[in-house]
Every structure is written in structure tokens, then in C-alpha cells.
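The chain contents come next:
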Amino acid sequence: MKKDVNKSAKIKLIISRFVVYAILIFLSFLCLFFFYLMIINSSRSNAQLKTGFTIIPGGNFLKNLYNAWHDGDINIPIGMKNSFIIAMCSAILTTYFSAMTAYGTYVYNFKGKRFVHLFILAIMMIPSQVSAVGFIQLAFKYNLTNKLWLLIIPSIAAPATYFYMRQYLQATLPIDMVEAARIDGSNEFKIFNQIVLPIMKPAIAVQMIFSFVGSWNNYFMPSLLLNKADKKTVPIMIATLRSADYSKFDMGKVYMLMLMAILPVMVIYIILSKSIIKGVTSGSVKG
């Protein structure tokens, strides 16, 4: 009887694993297929793209790369540099100051602590487009357009990132560890930078990826505040190519620029994803 029960349990386990693996394989295929399709389309000419869908590569990859790189309406190296500066600085500032704010509202006890926490969460409900009009008016009033730092500094205030960091601290940071560090004579900045931040490495890596991708792909604010050719970002350049005159429109160049735009994001993800699988407290013990 026990053998029959064990056999049926093993069969159920095998079936459940098969279903899980099948779902994971299917989802992985969906994710990778669109990357593959982008690579295929970047190797096809505009005339070939008009003929419809295919999974066979074309022979215009280098030509599309040359045409996109030497297009007179855009400057890809400058656009990539501007986008990288904005995205990387925004990712660093967003994660660091959000982690610091989360640490402050979690560890310290002060009057109005709950109100501050709820106020930050309430800001999450306000769409960024609501405050964009006033922000843009101030930028034009004080001649602050075409300034990259104008798109970087506001990224410090990130309520969603703060909420994620605070939830992570509640799950991983014992208050006793902070108290022990204070007894040993460590100041607050040393505790945060050398003990708390290493504990938060997985959370910081995840939020840096999200923040980097969000800033890299941001089109709304840069398109309104950056109008000089040497200040444009990659999304603006993609929109410039797509809005070209129909007689000059080349979809092959658009796909090539989209491919070049997504490569830095993939590199950043590969670099930061290594931190996600590390132990939660291994860094603080070593520090």
C-alpha cells in the first residue's frame, strides 16, 4: 500500500515539475523571441520589412548600422552618452537616497514618523505627468532647459523605490545590529554605509535595474526639456527617425537604433543581476 502511495506521489511530483518547466520554457521563449525578432529586423532593408514577418536574417545589418550611425538628423554616440549619464546617475541617486530614507523611517523613532511614511506613500498615487507642467514652466522661466542634471536631480525623490527598500529592511535588518554598532562607537553614516548598504545589495541591484531602464527609456520629460542636438537622448533620436519624411523613412535604421539602444540595458542587467543571488547578510559580516 505504501509503495502505491509513494509511486502516485512521485508521479504527481514529476507531472508538477513538468508543468512548471513547460511554463518557464514558454515564458523564456516569449521573452527571447522578441529580442531575436529585433535582431532579425535590424538586418533587413526597408523594402524587406514592408513584405512582412520572417525569422530569416536579411543581409543589410552592416548597411543599416552604417546608415543609422551616419544619419544627418541624429548623433548616436552623443545620444548614447547623454542617455547613459542620465540613466546611471539617476539609478545611483535613486537607490542610495531611497535606501537612506527607508533606513531613517525604519530605524529612528521620532514624532510624525508614521505621517512621513504615509505621506511618501500617498505621493505614489500622484502621476508624474500631473506635476510635469509646473516643473517645465519653472525650467523655461529660469532658463534651465538643455541641462542633463535637470533630469537627474528629481530622480532622488522615488516613493516606489523607498517603499520597496523599507519593506526589504523590515524583512532583513535586525534593529539589534544597529544598536550593537552604536555601542561599538560607529556613527550613523558609517552604520548605514558599511553595515546597512551591504545587507541591501540585492534590493539595490533590483531597483538600480528598474531605475536605469526607466531613465534610459524615458521620452516624455527629455523631449520637452532637451531640444539641442548635442543634448538629445536615445529615445528622442528614435522618435526623430520614426517621424522622418515618408520618402526618407527607413525602418531598417529604426530597428538598428532600437537594437543599439537596448544593448546597454542588457549589459547593466547582466552586471547587476549577479548581486541579486548573493547572500543577504554576507556583505555586512565581511564589512
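Residues numbered from 1 in each chain as written. Predicted model: local features only at pLDDT ≥ 70, side-chain atom pairs only at ≥ 80, totals over all residues. Heavy atoms only, no water.

1. Digging into the packing of aromatic side chains
Rules: Whether two aromatic rings pair depends on their centres lying within 6.5 Å, for rings of Phe, Tyr and Trp, where Trp uses its six-membered ring; planes under 30 degrees apart make the pair stacked, over 60 edge-to-face, and the rest tilted. Partly exposed residues are those whose accessible area sits between 20% and 50% of the maximum for their type, while under 20% is buried and over 50% is exposed, using a 1.4 Å probe and protein chains only.
Scanning all chains against the criterion turns up 10 aromatic pairs. Summarising the aromatic geometry, the rings of Phe-33 and Phe-34 are spaced 5.7 Å apart at their centres and angled 75° between planes, so their arrangement reads as edge-to-face. Residue classification places Phe-33 among the partly exposed residues on the basis of a relative accessible area of 23%. Given the relative accessible area of 52%, Phe-34 is considered exposed. On the numbers, 5.8 Å between centres and 15° between planes, the contact of Phe-212 with Trp-216 is stacked.

2. What about the environment of Lys-190?
Put simply, the rule is: The helix and strand labels rest on DSSP assignments: H or I over at least four residues marks a helix, E over at least two residues marks a strand, and numbering proceeds from the N terminus.
Mapped onto the fold, Lys-190 is located in helix 10 (residues 188-199). Residue Lys-190 is classed as partly exposed on the basis of its relative accessible area of 39%. For the pair Lys-190 and Ser-128, spaced 62 residues apart in sequence, the C-alpha to C-alpha distance is 34 Å.

3. Describing the packing of helix 10 against helix 11 (residues 201-216)
Inclusion rule: Axes here mean lines fitted to C-alpha atoms, for a helix over just the part in contact, with angles spanning 0 to 180 degrees between N-to-C directions. Angle categories are assigned with fixed cut-offs, so that under 35 degrees is roughly parallel, over 145 is roughly antiparallel, 65 to 115 is roughly perpendicular, and the rest are oblique. Only heavy atoms matter for contacts: two residues are in contact if any of them lie within 4.5 Å across the pair. Amino acids outside the nonpolar list (Ala, Val, Leu, Ile, Met, Phe, Trp, Tyr, Cys, Pro) and the charged list (Asp, Glu, Lys, Arg) are all regarded as polar, and Gly is one of them.
Remark: helix 10 packs on helix 11, axes separated minimally by 5 Å, with the N-to-C direction vectors making an angle of 70°. Between helix 10 and helix 11, the angle is such that the two are roughly perpendicular. On the side of helix 10, the interface is formed by Leu-197, Pro-198 and Ile-199, while helix 11 contributes Lys-201, Pro-202 and Ile-204. In the contact of helix 10 with helix 11, the residues fall into five nonpolar, no polar and one charged.

4. Points about helix 10
For clarity, the cut-off: Working rule for helices: expected span equals 1.5 Å times residues minus one. Two N or O atoms count as a polar contact when they lie within 3.5 Å, although within protein this holds only if one can serve as hydrogen donor and the other as acceptor, and sequence-adjacent residues are included solely when both atoms are side-chain atoms.
Between its terminal C-alpha atoms helix 10 stretches 16 Å, which fits the 16 Å expected from 12 residues at 1.5 Å a residue. Taken together, the buried positions of helix 10 are occupied by Ile-191, Phe-192, Val-196, Leu-197, Pro-198 and Ile-199. Two or three places before Phe-189, at the opening of helix 10, Asn-187 has a side-chain oxygen 3.2 Å from that residue's backbone nitrogen.

5. Looking at the nonpolar core
Going by this rule: Residues belong to one nonpolar core when they are buried, are Ala, Val, Leu, Ile, Met, Phe, Trp, Tyr or Cys, and are joined through side-chain atoms within 4.5 Å.
If you look at the biggest cluster of nonpolar residues, it comprises 46 residues, and the most contacted ones within it are Tyr-103, Leu-169, Leu-173, Val-196, Met-200, Phe-212 and Leu-257. The set of elements that each furnish at least two residues to this core consists of helix 4 (76-107), helix 8 (159-172), helix 9 (175-183), helix 10, helix 11, helix 13 (234-242) and helix 14 (251-276). Sequence-distant contacts of Leu-173, defined by excluding residues within four places in its chain, comprise Tyr-103, Tyr-106, Val-107, Val-178, Val-196 and Ile-199. In this structure, Ile-86, Ala-132, Ile-136 and Met-221 belong to the second largest nonpolar core, which totals 12 residues.

6. Some details on the environment of Ala-139
Within the fold, Ala-139 resides in helix 6 (residues 128-141). Here Ala-139 falls in the buried class, since its relative accessible area comes to 2%. Discounting residues that sit within four places of it in the chain, Ala-139 has contacts with Leu-144, Thr-145, Leu-150 and Leu-225.

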